[in-house]
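# Examination of the molecular architecture
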There are 2 protein chains.
Amino acid sequence: MTVTSTGTVHHTPLDRLFRPTSIAVVGASTAVGKLGSAMLAAVRRAATDAPAVYAINPTGTAPGFLPSIRAASETHGRPIDLAVLCIPAGATPDALREAAECGVGGAVICSGGFAETGAEGTALQEEVAKISAATGIRVLGPNTSGFFRPGATTVSFVPTVRRIRPGPVAVVAASGGMNHALSFLLSEQGVGVGFGVGLGNCVDVTNIDVLEYLRADPAITAVALHIESVDDGAALLAAIRVVTAAKPVVAMVMGRGDVSAFAESHTGALATSWRTTRALLTESGAVVVDSEQQLVDALAVLSRTRLPAAPTPGIGVVTAQAGPGLMVLDNLLAHDIRVPALTEATRAELAKLLPPMTFQVNPVDTGRPGATFDKVLAATAADPDIDAVAVYALAEPDAIDLADAVRRSGIHRDLPVVLGIGGPADAVAPSVTAADHLGVPVLPGPTALATGIRALVQDARVRHLRAADDDGRITTHQAEVALPADEATAKELLGALGIATPPRRVCTDRAAAHCALAELPSPVAVKILDATVVHKTEIGGVHLNVRTTGDLDTALDALDAIGSPAYLIESMAAPGVDLILGVRRDPVFGPIAVAGLGGTAAEVIGDVAIRGHRLTHAGAAAMLDDLQCAPLLDGWRGGPVLDRDEFARIAVGLVTYLADHPEIGDIEINPLRLTPTGLIALDAVVVAAPDRQSPLEGEQP
Amino acid sequence: MTVTSTGTVHHTPLDRLFRPTSIAVVGASTAVGKLGSAMLAAVRRAATDAPAVYAINPTGTAPGFLPSIRAASETHGRPIDLAVLCIPAGATPDALREAAECGVGGAVICSGGFAETGAEGTALQEEVAKISAATGIRVLGPNTSGFFRPGATTVSFVPTVRRIRPGPVAVVAASGGMNHALSFLLSEQGVGVGFGVGLGNCVDVTNIDVLEYLRADPAITAVALHIESVDDGAALLAAIRVVTAAKPVVAMVMGRGDVSAFAESHTGALATSWRTTRALLTESGAVVVDSEQQLVDALAVLSRTRLPAAPTPGIGVVTAQAGPGLMVLDNLLAHDIRVPALTEATRAELAKLLPPMTFQVNPVDTGRPGATFDKVLAATAADPDIDAVAVYALAEPDAIDLADAVRRSGIHRDLPVVLGIGGPADAVAPSVTAADHLGVPVLPGPTALATGIRALVQDARVRHLRAADDDGRITTHQAEVALPADEATAKELLGALGIATPPRRVCTDRAAAHCALAELPSPVAVKILDATVVHKTEIGGVHLNVRTTGDLDTALDALDAIGSPAYLIESMAAPGVDLILGVRRDPVFGPIAVAGLGGTAAEVIGDVAIRGHRLTHAGAAAMLDDLQCAPLLDGWRGGPVLDRDEFARIAVGLVTYLADHPEIGDIEINPLRLTPTGLIALDAVVVAAPDRQSPLEGEQP
């Protein structure tokens, strides 16, 4: 720790925690099965960069054991880098204090019994957090099995960790269990792990710290991020933006089901909104996956190769067996990955290389692969519309060595190549080893191959979409709105933000209303105008298709009957496709934009697109294309086509406005109608931020 | 073959094809890399039940080679069971004819160049089909790499097949490539394969034949079914119903993306409707999965254990690490699998066995597993609401042997137990071997474990839902309808089928219409009544919310202007949730029922439930619960709750009626409104079957 003359505490660099040259195991033991025994054995087993290890136990249970951290520091002759605390929760604060006093750089707290268990544990955890904050000692945990750097230092009480295959991926998991589970899978499937950490209860070191730490680590080429809850959303997204500029992040988010009771018992934190977290992580640059297997497949590829930023990279698929090739194609197309038809020139070249009856459009089906396979790869890769190549073949040692064909073609030097090879492990292994030397990833089946390619494309696509981030933000709109806002006021704000609204009049008496009917394009909607009424239709405050003076009077009578303070007379828009676009404040991530199809169905089925307030124009233009209902926006049954630029301008303008106006809680346009002449806001609500609302408003449901 | 005195051709039993005691390899070769060489080596390598093998080549290229099938038969002294044809497409018909003449039981045609390549190949394929049909010789292919029975006979030119681990799963794949790809995955992941076949172009032997053949094979406990296209839908569904009564079928269906061009080049068949095929396979009893990995995970479980038929089995989750346990729980809950809270009694028992701060509600988090782990398993399994137990732990050889804990608990004898074990292969292997002896499946990670459990539940659930199948079908409705049908006629049919419709009058003049307005509950809808008009609203043929005589006259004027031959005056229903329910004739599967939320969104996003005409009451009652929009049916925001029995009665009635009335093409109720007083059909269309339509109608778009 460093306490400056002004009393500011500087955090110790994480290298002392994660690359210690000296380690004290507090609570060390020689009893088989004890944590302190397993941990001591693990840290002593360091493969390289072996740190000095001290076993600490106040009762000195074995020869060479020392009674305290202080005694270890004295023996070591200078401050020890890392203290690993294998002691009960209750003894932890004292041990941590002693460590900090002795200048220890970091501590791993393995024990549970903190915030995840109730009030007493929460108090202990707060005490630990205070010690860390006050002294600068970095703390991993509590409630973690530690971390490891396969091939170098292991600080984990799980003995099998030493068999994890070293490699280029870092695992950053919410818990020790998931760190181990993911690392073992990455190891067993040949991807390899360079660093793995389980964060536990995060009194100090969070995934944000670790992401920033890993950004500069040249041994790590990709990061696996496992998330159970998010504390500081903005900081996490910023960290992901920064890290993914340098190396890919593949993320998995818990909380799709309602797991809150168990989750809270696990780390003491509430699960965050699954949908929002996934959407914003994706927008920030992470490749979000649904399972460990997808995580492994994505990292097998992204730890070895990466596409340049691009909106829709073209994939060439070359397959030696049609069935698996069809499966790859089906998966890619179902996920909107572009598998373009090869040019005539490419097909002419392929026709010279392959038997006449094989499919050569893309996929390229080689039939049983032969001596021309490398030339087929080269021809496909040379096609101007191909940005990466996926290759599938069963291992047939007599027929072809797939990795050798890639090497001979040389295409892996020009663009990403991903192999899928089926077969028994011993038949596949030589190709895997050879491909590894070329930096070419190998996956075990068609779906795995497609998952890897999708990750490659997703990683390239999101970097393209957020490129505008660096061009600076859109100018803050100076428009102001008086709160509480009625519909007319809300629409004035939209108008100031450049959003189209229907021609309308605010009328305070019948004469004005009749004048409006006469002058506005017919038919009109006649609506209650009252900032305190949120659900106008439900109370009979909206009358549509009013064309005649008789109809108008009937409508005005009805509004008078419910005490409408004024009337809003508004021309009705042409029919079209009704969307919802809202901007609101997420408790974890701050201002977000939410868009989807109008009506309740989109909300119920979760077919909504969510983005953060750093939304770029390109990101907003593409956001609705992720939706299941996207076909409705492109001239479905002769209907209108969405102008993506117009939508992007509206969405970015709204979310930027919200971010710049803390007095606003949310703005919702519902519906935002897609018409043949463009988007038009038919109704809008502007709500004050909760802490700006009057008590009366705050009590409204 | 057997040709009876009446000339009927009896198909040879498939055992002669799939369990041959003698094999002739036609086109045998000694040249390395040739198909005929690889195939000859493969069939000679049979591990057990070694068949007599004859190498056939007219040029007698090697010692012991024979010039013809006839010569081989003579040498063998009796008809040869199987001829494997490794010869070009053009030479195939003659060879097949010779084989049939010599009494050969079955033939595998490896060569491509048939229907998948164009007119010439199609003619060859038809010739092959004719020979098979005329002589009874069973034909596998053309365009297949064959089949294998690991541990016994291999008829595949892929040499690595001999390393496939024998096991209880049969693979039935559309193509040789997928047979091999899936079999290798099942082998590598320890599930094991007992039989694998790639069907190719299916001139004779189809997946239906193989499913029926496998049903009686005691060595096969589960089937993997890979489908690219369906020819005879009804027969396939019937086969799946029969097989799944005996053993589980896990299916994967291609065609989610638009892969038709490549698919046709592959097997000469068009891809079927992905969504319909999946839905009907599921209804018939198959567990439909999305990837090879899910297939492997599902079969790892279902090949070893099965739940009794049940609607919503309760799953107990026991985990030694909270993070992976949370992941299992999240996956199960997100897929509506029931993970019930354990009873107070169970929790009291667990409290005696576990440290106080662990979560014991379900999941049961044991913390680092200790000596009581078997008792924890026993207590969880004994809970009255638990039907199967999922257990996750990292392999910690020092801490626990998971399989041994299961053995000591004995719970695997009472209910299905599925293990998830993370860790390096050599640390996990002893547990896998021990679990295998107990018949307990082991999966490698949390998602795999959840996938296996979901398959177990799905398999039990569908058997429960279709149990009513055996109770006989619902009585055919005698109601008849005159075609073409206008809305009133269509609603009379619905009424006869017991489906509620609004009070209405058919009026041929204005006086009758005014009388109807006066007598029907207000407001009313005034609609055009014309059987030739399908889209009434689009031409201004529907006027809603008519309450006054003035409004009525306006509406009638409008209908007269568009030449309405009569008026339909109908009371409007209460507001509610609008559904669509249609029954139609699928070109592959025959009568199907399709239901979803009203409006275009459900259709566009594919959130529709599809069932076949053997729909049971229980199946129909549950069908909407699969939909993403299902929450809208259960009192969403104070709205009405769907009576599942009422919906089931309507859906089964409609689809049964369609099945019994070939003159009807389809019946669509749109909307079928869910109101507080029940379901009511607000509009309905009955369309004649295409071949029953008049030419004029047939031309309508």
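Details of the structure are given in the entry above.
The structure reproduced in this document is the subject of the present report.

Criteria and thresholds
Residues numbered from 1 in each chain as written. Chains lettered and ligands numbered in written order. Predicted model: local features only at pLDDT ≥ 70, side-chain atom pairs only at ≥ 80, totals over all residues. Heavy atoms only, no water. Helix = DSSP H or I, 4+ residues; strand = E, 2+ residues; numbered from the N terminus. Buried < 20%, exposed > 50% of the residue type's maximum accessible area, 1.4 Å probe, protein only. Contact = heavy atoms within 4.5 Å. Lys, Arg positive; Asp, Glu negative; His and termini not counted. Charge placed at Lys NZ, Arg CZ, Asp CG, Glu CD. Salt bridge = Lys/Arg side-chain N within 4 Å of Asp/Glu carboxyl O. Polar contact = N/O pair within 3.5 Å; in protein donor to acceptor, adjacent residues only side chain to side chain. Nonpolar A, V, L, I, M, F, W, Y, C, P; charged D, E, K, R; others polar. Core = buried A, V, L, I, M, F, W, Y, C linked by side-chain atoms within 4.5 Å. Pairing = 2+ DSSP bridges. Axes fitted to C-alpha atoms, helices over the stretch in contact; angles between N-to-C directions. 1 Å grid on protein atoms, 1.4 Å probe; cavity = no way out; pocket = protein on both sides within 12 Å on 5 of 7 lines; lining within 4 Å. Points joined across faces, edges and corners; volume = space filled by probe spheres on them. Least-squares fit on C-alpha atoms with pLDDT ≥ 70 in both. Parallel < 35°, antiparallel > 145°, perpendicular 65-115°, else oblique. Left-handed = near helix turned anticlockwise from the far one by under 90°.

## Concerning the overall build of chain A
Across its full length, chain A carries 24 helices and 29 strands. A principal-axis box enclosing the C-alpha atoms of chain A has dimensions of 100 × 75 × 40 Å. The buried share among the 701 residues of chain A stands at 60%. Restricting the contact set of chain A to residue pairs at least 6 apart, pairs at least 24 apart contribute 71%. Charged side chains of chain A number 51 positive and 76 negative; the gap between the two group centres comes to 7 Å.

## Examining the interface of chain A and chain B
Contacts between the two partners involve 81 residues from chain A and, on the opposite side, 81 residues from chain B. Residue D426 of chain A pairs with R163 of chain B through a salt bridge whose shortest N-O separation is 2.7 Å. Taken together, the links from chain A to chain B amount to eleven residue pairs in polar contact (both at pLDDT 80 or more). Of the residues assigned to the side of chain A that touches chain B, the class counts are 42 nonpolar, 25 polar and 14 charged.

## Concerning the nonpolar core
By size, the foremost hydrophobic cluster in this structure holds 226 residues, and its most contacted members are F18 and L281 of chain A together with F18 and L281 of chain B. Apart from the residues within four sequence positions on either side, L281 of chain A is in contact with I227, L236, L237, I240, A251, V253, A286 and V288 of chain A. Counting residues in hydrophobic clusters, the runner-up holds 96 residues, among them A479, L493, L597 and A648 of chain A.

## Thoughts on the sheet that holds strand 8 (residues 146–148) of chain B
Residue and element names in this part refer to chain B. The strand order across the open sheet built from seven strands is 9-8-11-10-12-13-14, with neighbouring strands paired in mixed fashion. Edge strands, defined here as strands with exactly one partner in the open sheet, are strand 9 (154–156) and strand 14 (287–289). Sheet twist, expressed as the average angle between the axes of neighbouring strands with direction ignored, equals 20°. As paired strands, strand 8 and strand 9 are joined by three bridges and run antiparallel to one another. Bridge pairing in strand 9 places F147 opposite V155.

## Comments concerning empty space enclosed by the protein
Tallied over the full model, the rule gives one cavity of 30 Å³ or more. Of the voids in this model, the largest cavity is the one considered here, and its volume is about 80 Å³. As for the largest cavity, its lining consists of 13 residues, of which A601, A602 and I605 of chain A together with A601 and I605 of chain B are closest to the centre. Breaking the lining of the largest cavity down by element, the ones donating at least two residues are helix 21 (600–605) of chain A together with helix 21 (600–605) of chain B. Residues of the lining of the largest cavity, tallied by class, amount to ten nonpolar, one polar and two charged.

## Topic: the sheet that holds strand 20 (residues 504–507) of chain A
Residue and element names in this part refer to chain A. One open sheet holds the four strands; their spatial order is 20-23-21-22, and the pairing between them is antiparallel. Taken across any chain shown, the strands that pair with only one partner, and hence form the sheet edges, are strand 20 and strand 22 (542–546). Ignoring which end each strand starts from, the neighbouring axes of this sheet average 15° apart. Bridging between strand 20 and strand 23 (residues 567–571) involves four bridges; their strand directions are antiparallel. Note on strand 23: the bridge partner recorded for V506 is L568. Against the sheet, helix 19 (residues 510–519) engages strand 20, strand 21 (524–528), strand 22 and strand 23, with an angle of about 170° to strand 20.

## With respect to the relation of the copies chain A and chain B
Here chain A sits on chain B after a turn of 180° about the axis and a move of 0.0 Å along it, with an RMSD of 0.1 Å. Expressed as a symmetry operation, the mapping of one chain copy onto the other fits a two-fold axis. Interface overlap between copies: 100% of the residues of chain A at the interface are likewise at the interface in chain B, consistent with a symmetric, same-surface contact.

## Describing the environment of V128 of chain A
All names here are of chain A. Within the secondary structure layout, V128 lies in helix 5 (residues 119–135). The exposure class of V128 is buried, given its relative accessible area of 0%. In this structure, the C-alpha to C-alpha distance between V128 and A448, residues 320 residues apart in sequence, is 43 Å.

## Here we look at the packing of helix 4 (residues 92–101) of chain A against helix 5 of chain A
Residues and elements named next belong to chain A. In the contact formed by helix 4 and helix 5, the axes pass within 9 Å of each other and the chain directions differ by 5°. Between helix 4 and helix 5, the crossing angle belongs to the class labelled roughly parallel. Facing T92, P93, L96, R97 and A100 of helix 4, the residues of helix 5 in contact are L124, E127, V128, I131 and T135. Across the contact of helix 4 with helix 5, the residue classes break down as six nonpolar, two polar and two charged.

## A look at unusual backbone geometry
Residue and element names in this part refer to chain A. A cis amide bond links N362 with the next residue in sequence, P363, at an omega value of 0°. Counting through the fold element by element, P363 comes out in the loop between helix 13 (344–353) and strand 16 (364–365). In the segment running from N670 into P671, the intervening peptide bond is cis, with an omega of 5°. Examined against the element boundaries, P671 turns out to sit in strand 27 (residues 664–675). A positive phi angle, near 70°, is found at N143, a position not held by glycine. Within the element layout of this structure, N143 appears in the loop between strand 7 (138–140) and strand 8 (146–148). Accessibility expressed as a relative area gives 21% for N143, which makes it partly exposed.

## Quick look at the packing of helix 8 (residues 233–246) of chain B against helix 10 (residues 274–284) of chain B
Residue and element names in this part refer to chain B. Close contact between helix 8 and helix 10 brings their axes to 8 Å; oriented N to C, the two are set at 35°. Handedness of the crossing formed by helix 8 with helix 10: right-handed. Side by side, helix 8 and helix 10 meet where L236, L237, I240, R241 and T244 of the first sit next to L280, L281 and S284 of the second. The class makeup of the residues in the contact of helix 8 with helix 10 is five nonpolar, two polar and one charged.

## Remarks on the pattern of salt bridges
Note on pairing: side chains with opposite charge can pair once their charged atoms come close. Residues and elements named next belong to chain A. The final tally for this structure, using the stated rule, is 70 salt bridges over all chains. With a shortest N-O distance of 2.7 Å, D578 and R673 are connected by a salt bridge. Placement of D578 in strand 24 (residues 577–586) and of R673 in strand 27 is noted, with a sequence separation of 95 residues between them. The salt bridge involving R644 is made with D625; its shortest N-O contact spans 2.5 Å. In this pair, R644 is assigned in helix 23 (residues 644–660) and D625 in the loop between helix 22 (617–623) and helix 23, connecting sequence segments 19 residues apart.

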